[in-house]
Amino acid sequence: MDYQAFKRNSQKEYLGYCELKGFIYSVRIDSDKYAVVALKNGKVEVLIAYSVKREVSV
């Protein structure tokens, strides 16, 4: 993910600040895909990427 994609994404939530990594955000990438990213000096680093499995009712 680059800075422009991060900036345009309206599905992000600020989580906090880390002295080593910078500003930490949770970002929704797709309907079931998310990432935790760090933003420092205009560079975005993906720390964790994960997907959410939808509950299946029986």
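The structure we're discussing is the one just above.
First, a word on scope: everything that follows refers to the structure included in this document.

So, how was this worked out
- Residues numbered from 1 in each chain as written.
- Predicted model: local features only at pLDDT ≥ 70, side-chain atom pairs only at ≥ 80, totals over all residues.
- Heavy atoms only, no water.
- Helix = DSSP H or I, 4+ residues; strand = E, 2+ residues; numbered from the N terminus.
- Contact = heavy atoms within 4.5 Å.
- Areas by Shrake-Rupley, 256 points an atom, 1.4 Å probe, with all protein chains shown as cover.
- Lys, Arg positive; Asp, Glu negative; His and termini not counted.
- Charge placed at Lys NZ, Arg CZ, Asp CG, Glu CD.
- Salt bridge = Lys/Arg side-chain N within 4 Å of Asp/Glu carboxyl O.
- Buried < 20%, exposed > 50% of the residue type's maximum accessible area, 1.4 Å probe, protein only.
- Core = buried A, V, L, I, M, F, W, Y, C linked by side-chain atoms within 4.5 Å.
- Pairing = 2+ DSSP bridges.
- Polar contact = N/O pair within 3.5 Å; in protein donor to acceptor, adjacent residues only side chain to side chain.

### Some details on the overall build of the chain
Okay, step 1: Assigned secondary structure in the chain consists of 1 helix and 4 strands.
Okay, step 2: Across its three principal directions, the C-alpha atoms of the chain cover 50 × 20 × 15 Å.
Okay, step 3: Pairs at least 24 apart in sequence give 14% of the contacts found in the chain among residues at least 6 apart.
Okay, step 4: Just so you have it, the chain exposes about 4,700 Å², and 50% of that area is on carbon and sulfur atoms.
Okay, step 5: The averaged location of the 7 negative side-chain charges in the chain is 5 Å from the averaged location of its 10 positive side-chain charges.

### Observations regarding the pattern of salt bridges
Okay, step 1: Summed over the entire model, instances satisfying the criterion amount to 1 salt bridge.
Okay, step 2: Residue Lys-21 pairs with Glu-45 through a salt bridge whose shortest N-O separation is 3.1 Å. Pair noted here: Lys-21 is in the loop between strand 1 (12-18) and strand 2 (22-28) and Glu-45 is in strand 4 (residues 43-51), with a separation of 24 residues, a long-range link.
Okay, step 3: The class for Lys-21 is partly exposed, based on a relative accessible area of 33%.

### Considerations on the nonpolar core
As a rule of thumb, nonpolar side chains are buried together in soluble globular proteins.
Okay, step 1: In this structure, Phe-6, Tyr-25, Val-27, Ala-35, Val-37, Leu-39 and Val-44 together form the largest nonpolar core, which totals 7 residues.
Okay, step 2: Taken together, the elements giving at least two residues each to this core come down to strand 2 and strand 3 (33-40).
Okay, step 3: It is strand 3 that contributes the most residues to this core, 3 residues altogether.
Okay, step 4: Non-local contacts of Val-37, meaning those with residues more than four positions away in its chain, are made with Phe-6, Phe-23, Ile-24, Tyr-25, Val-27, Val-44, Glu-45, Val-46 and Leu-47.

### Some remarks on the pairing of strand 4
Okay, step 1: When strand 3 meets strand 4, the two strands line up antiparallel, connected through 8 bridges. Bridge pairing in strand 4 places Ala-38 opposite Glu-45.
Okay, step 2: If you look at the hairpin formed by strand 3 and strand 4, you'll find 2 residues sitting between the two strands, and Asn-41 has a positive phi there, around 55 degrees.

### Quick look at the side chain of Asn-9
Okay, step 1: Along the chain, the position of Asn-9 falls in the loop between helix 1 (3-8) and strand 1.
Okay, step 2: For Asn-9, a relative accessible area of 15% translates into the label buried.
Okay, step 3: Within the local environment of Asn-9, its side chain forms a polar contact with the backbone nitrogen of Gln-11, the two atoms lying 2.6 Å apart.
Okay, step 4: Residues contacting Asn-9, with those up to four places away along its chain left out, are Val-27 and Arg-28.

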